[in-house]
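# Remarks on the overall topology
So you can see what is in the structure, the chains are spelled out below.
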Amino acid sequence: MARSPRLDAPLGRGTTRPRSTSRDRFGRFTEWVARAMGTPTFLVLLSLFCVLWIIWNTVTPAQWRFDAAANGFTALTLMLSLQASYAAPLILLAQNRQDDRDRVQIEQDRQRAERNLADTEYLAREIVALRMSLEERNTQAVTRDVLRQELKALLSELEEPERTTPSGGTPS
């Protein structure tokens, strides 16, 4: 029974942690295959391979041929069928992985949109509150004459205690 290394102790000299294999390696491989098969380079190379195969098996001497034209290039047909039989499921797996990523992205976008909507509604309420408070202040606006009268009244109140002496009499 192999002991797993303790996480609270450093590794000793010469010991290494077991390398974790990626569970997603095959998925990345399928995406690589799907991307590679969808390129013009792949199509040109596959066409070139087929042309060279046919030329080799028709032009070269009979002892060098490995797929007779009389049999309809059976080996070439089998190879292309094998390639197609592996390509289709790999492309479907890559599409499923992309669908999963898209689903996660859509959910994140939906959550972000909900947060943006909530923030926008909050800001709209705050703007309305500010407008209402400004309107309230504007309706209570003090005119210049009213402000002068209030200031004169305050000034006269401040001057009255100075006119009276501490003994209670008025100065002469």
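Whatever comes next refers back to the structure up there.
The text that follows walks through the structure, step by step, so that each part is easy to find.

Conventions we followed
Residues numbered from 1 in each chain as written. Predicted model: local features only at pLDDT ≥ 70, side-chain atom pairs only at ≥ 80, totals over all residues. Heavy atoms only, no water. Helix = DSSP H or I, 4+ residues; strand = E, 2+ residues; numbered from the N terminus. Buried < 20%, exposed > 50% of the residue type's maximum accessible area, 1.4 Å probe, protein only. Contact = heavy atoms within 4.5 Å. Axes fitted to C-alpha atoms, helices over the stretch in contact; angles between N-to-C directions. Parallel < 35°, antiparallel > 145°, perpendicular 65-115°, else oblique. Left-handed = near helix turned anticlockwise from the far one by under 90°. Nonpolar A, V, L, I, M, F, W, Y, C, P; charged D, E, K, R; others polar. Salt bridge = Lys/Arg side-chain N within 4 Å of Asp/Glu carboxyl O. Polar contact = N/O pair within 3.5 Å; in protein donor to acceptor, adjacent residues only side chain to side chain. 1 Å grid on protein atoms, 1.4 Å probe; cavity = no way out; pocket = protein on both sides within 12 Å on 5 of 7 lines; lining within 4 Å. Points joined across faces, edges and corners; volume = space filled by probe spheres on them.

### Considering the side chain of E31
Tracing the sequence through the fold places E31 in helix α1 (residues 25–37). For E31, a relative accessible area of 10% puts it in the buried group. With residues near it in sequence (within four places) discarded, E31 still touches A94, R97 and R101.

### Quick notes on the packing of α1 against helix α3 (residues 74–139)
Their axes nearest at 8 Å, the elements α1 and α3 cross at an angle of 115°. If you check the angle between α1 and α3, you find them roughly perpendicular. For the element pair α1 and α3, the recorded crossing hand is left-handed. Across the interface between the two elements, F26, G27, R28, F29, T30, E31, V33, A34 and M37 from α1 touch Q83, A87, L90, I91, L93, A94, R97 and R101 from α3. Grouping the constituent residues of the contact of α1 with α3 by class yields 10 nonpolar, 3 polar and 4 charged.

### Topic: the pattern of salt bridges
Per the counting criterion, the structure on display carries 7 salt bridges. R97 is the salt-bridge partner of E31, the closest N and O atoms lying 2.9 Å from each other. Here E31 is found in helix α1, whereas its partner R97 is found in helix α3, with 66 residues between them in sequence. Between R103 and D100 there is a salt bridge whose closest N-O contact spans 2.8 Å.

### Remarks on the side chain of N57
Position of N57 relative to the elements: it lies in helix α2 (residues 40–59). Only 3.0 Å separates the side chain of N57 from the backbone nitrogen of D67, close enough to count as a polar contact. The contact partners of N57, leaving out residues within four places of it in the chain, are R65, F66, D67, A69 and F73.

### Overview of the layout of surface pockets
What the largest pocket holds in volume is close to 150 Å³. If you go around the largest pocket, the residues you meet are W32, V33, A36, M37, F42, Q83, Y86, A87 and L90. Within the residue set of the lining of the largest pocket, elements represented by two or more residues are α1 and α3. The residue inventory of the lining of the largest pocket, partitioned by class, reads 8 nonpolar, 1 polar and no charged.

Read these as spatial facts, not as claims about activity.
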